[in-house]
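Results of the structural survey
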Amino acid sequence: MVKVDRAFTWGIGKDPKSEVALRSILSLTQELGLLVVAEGVETEAQRTWLLEAGYPLAQGYLLGRPEPLEFYMGSA
């Protein structure tokens, strides 16, 4: 699983380079068969963009408090 830093999420609607990076990261993780989580989702606009782009998972204060990667992986 890959977590995408909130610095990219923050740029949604503000910095086209962030959006290009987010699309590229999603494409790469899909090609590698990895799950991806977008961090730092704080607005409905960010959430909507991520859903439309194809991000399956997101976390941030809009949805709840951020969790460590182990939270998604379960206890191993």
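I will try to describe carefully the structure that is included in this document. (Residues numbered from 1 in each chain as written. Predicted model: local features only at pLDDT ≥ 70, side-chain atom pairs only at ≥ 80, totals over all residues. Heavy atoms only, no water.)

Considerations on the side chain of Gln 46
- One can find Gln 46 in helix H3 (residues 44-53).
- Judged by its relative accessible area of 8%, Gln 46 is buried.
- A polar contact is formed between the side chain of Gln 46 and the backbone nitrogen of Glu 42, at a distance of 2.7 Å.
- When near neighbours in sequence (up to four residues on either side) are disregarded, Gln 46 contacts Thr 9, Trp 10, Ile 12, Gly 40 and Val 41. (Helix = DSSP H or I, 4+ residues; strand = E, 2+ residues; numbered from the N terminus. Buried < 20%, exposed > 50% of the residue type's maximum accessible area, 1.4 Å probe, protein only. Polar contact = N/O pair within 3.5 Å; in protein donor to acceptor, adjacent residues only side chain to side chain. Contact = heavy atoms within 4.5 Å.)

A look at helix H2 (residues 16-32)
- Here H2 contains 17 residues, and its C-alpha end-to-end distance of 25 Å stays within 8% of the 24 Å for a straight helix at 1.5 Å per residue.
- Where H2 is concerned, the buried positions are Ser 18, Glu 19, Ala 21, Leu 22, Leu 26 and Thr 29. Seen from one end, H2 has its buried residues packed into an arc of 160 degrees, which puts them on one side. Residues of H2 that are exposed and angled more than 90 degrees away from the buried face: Pro 16, Lys 17, Val 20, Leu 28 and Glu 31.
- On its buried face, H2 sits against strand S1 (2-4), helix H1 (6-10), strand S2 (36-38) and H3.
- A side-chain oxygen of the first residue of H2 lies 3.0 Å from the backbone nitrogen of Lys 17; this N-cap is Asp 15.
- Gly 33 occupies a position one or two residues after H2 and carries a positive phi of about 75 degrees. (Expected span 1.5 Å × (residues − 1). Arc of directions from axis to C-beta.)

So, the nonpolar core
- One finds Val 4, Ile 12, Leu 22, Leu 26, Val 36, Ala 38, Val 41, Trp 49, Leu 50 and Tyr 55 forming the largest nonpolar core, which totals ten residues.
- Among the elements of the structure, H2, S2 and H3 are those that each provide at least two residues to this core.
- The residues touching Tyr 55, leaving out its near neighbours within four places in the chain, are Val 4, Leu 22, Ile 25, Leu 26, Val 36, Ala 38 and Leu 50. (Core = buried A, V, L, I, M, F, W, Y, C linked by side-chain atoms within 4.5 Å.)

Looking at the pattern of salt bridges
- Evaluated as defined, the whole model comprises two salt bridges.
- For Lys 3, the salt bridge goes to Glu 39, with nearest N and O atoms at 3.1 Å. Linking Lys 3 in strand S1 with Glu 39 in the loop between S2 and H3, this pair joins segments that are 36 residues apart in sequence.
- The shortest N-O distance in the salt bridge between Arg 47 and Glu 44 comes to 3.5 Å. Of this pair, Arg 47 and Glu 44 both sit in helix H3, three residues apart, roughly one helical turn.
- With a relative accessible area of 35%, Arg 47 lands in the partly exposed category. (Salt bridge = Lys/Arg side-chain N within 4 Å of Asp/Glu carboxyl O.)

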